[in-house]
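# Structural description and commentary
Each chain, letter by letter, is given below.
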Amino acid sequence: MLKIIKNLLQNAGPNASKVNAVEAYDYWSHSYDRQPGNLMLDLDEIIFSKLIKNIDLRDKRVADIGCGTGRHWQKIYDKSPAQVMGFDVSAGMLQQLLRKFPAAITQLTSDNLLKTVPDTYVDCLITTLTIAHVKNIEEAISAWSRVLKTGGDLIVTDFHPVMLAGGGKRSFNHGGSSLSVENYVHPLEKVKRIFNKYGLALLKQEERKVNEEVRHYYESQNALPVYDRFIGVPIIYGLYLKKHRAAE
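This text gives an overview of the structure that appears in the document. (Residues numbered from 1 in each chain as written. Predicted model: local features only at pLDDT ≥ 70, side-chain atom pairs only at ≥ 80, totals over all residues. Heavy atoms only, no water.)

Attention now goes to the packing of aromatic side chains. Overall, the coordinates contain 8 aromatic pairs when judged by the stated rule. Taking the centre distance of 6.1 Å and the plane angle of 70 degrees together, the rings of Tyr25 and Tyr32 count as edge-to-face. As far as the burial class goes, Tyr25 and Tyr32 line up, both buried. Here the aromatic rings of Trp28 and Phe172 are separated by 4.4 Å at their centres, their planes lie at 10 degrees, and the arrangement is stacked. Here Phe172 lies in strand E7 (residues 170-174) and Trp28 lies in helix H2 (residues 21-28), a separation of 144 residues in the sequence. Accessibility classification places Trp28 together with Phe172 in one group, the buried group. Through a chain of ring-to-ring contacts, the aromatic side chains of Tyr25, Trp28, Tyr32 and Phe172 assemble into a single cluster. Positioned above the aromatic ring of Tyr121, the side-chain terminus of Arg61 is 3.9 Å from the ring centre. Geometry around Phe159 places Arg170 over its ring, the cationic atom sitting 4.0 Å from the centre. (Phe/Tyr/Trp six-rings, centres within 6.5 Å; stacked < 30°, edge-to-face > 60°. Buried < 20%, exposed > 50% of the residue type's maximum accessible area, 1.4 Å probe, protein only. Helix = DSSP H or I, 4+ residues; strand = E, 2+ residues; numbered from the N terminus. Lys NZ or Arg CZ within 6 Å of the ring centre and 35° of its normal.)

A separate point is the side chain of Glu206. The residue Glu206 is located in strand E9 (residues 200-209) in this model. One polar contact links Glu206 to Lys50, side chain to side chain, over a distance of 3.2 Å. A distance of 3.2 Å separates the side chain of Glu206 from the side chain of Arg208, its partner in a polar contact. In contact with Glu206, other than residues within four places in its own chain, are Ile47, Lys50, Leu51, Ile236, Tyr237 and Gly238. (Polar contact = N/O pair within 3.5 Å; in protein donor to acceptor, adjacent residues only side chain to side chain. Contact = heavy atoms within 4.5 Å.)

In terms of nonpolar packing, the biggest core is built from 48 residues, with Trp73, Ile76, Ile155, Tyr218 and Ile235 touching the most fellow members. Counting residues per element, this core draws most heavily on helix H3 (residues 39-52), at 8 residues. Excluding its chain neighbours within four sequence positions, the residues that come into contact with Ile155 are Phe48, Leu51, Ile52, Ile55, Leu125, Ile126, Thr127, Leu239 and Tyr240. By size, the runner-up hydrophobic cluster in this structure holds 28 residues, among which are Met85, Leu154, Val156 and Leu241. (Core = buried A, V, L, I, M, F, W, Y, C linked by side-chain atoms within 4.5 Å.)

Reading across from one edge, E1-E8-E7 is the order of the 3 strands in this open sheet, with mixed pairing throughout. The outermost strands of the open sheet, each flanked by one partner alone, are strand E1 (17-19) and E7. The mean angle between the axes of side-by-side strands here comes to 35 degrees, regardless of whether they run parallel or antiparallel. In this sheet, strand E8 (residues 177-181) lies alongside E7 in antiparallel orientation, the contact comprising 5 bridges. (Pairing = 2+ DSSP bridges. Axes fitted to C-alpha atoms, helices over the stretch in contact; angles between N-to-C directions.)

As structure tokens, this is what we get:
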């Protein structure tokens, strides 16, 4: 746990090898769902659950971009959607998802365009812990807006760009080596402007910082010096948006 905290909130160090998201998550897929006490996954769970709580998904079509192993899919299925589709760049992560949900509709993707999804087909689009893996974020948001119906819902969570800009990394161990997943820093205000450009209105924003609420993660691992160093740093954000018009 101490290593997880340090890798998330500080530079992973000169011995960490940076790898692209496809390669990294194929490696990570075998252990991704077995990370008890992972601060970021726990915070993502809290924020996502709060944002989706009041969204009616009954008989709706849902698309999950960067779905990974389907961490949130049981919560989605509990809301009785008509269809759930998962898109990811990692075959390994999709294999883990299909082990949990054998009937799932998934697609291995290599770009941002969602070419197989018709215009205005989706009622709700979610993307969690994914945006910073996307190099051309405007291209991706344009595609999300295209497939989302007017009045449709969009939920976003991700590592906070302030944390990433300060040297924070998504790192994990594989085969005795420390690997760091490639990230792109997209300032949050810029991301929100792009959403607005493509007709997506921000209704709610959540953010979590290193503060007293997460102190126990550090205290339990004798890592309070790390806590003291990063107190006040935002580490994750969540957005709830609704499509109210076509793109400009």
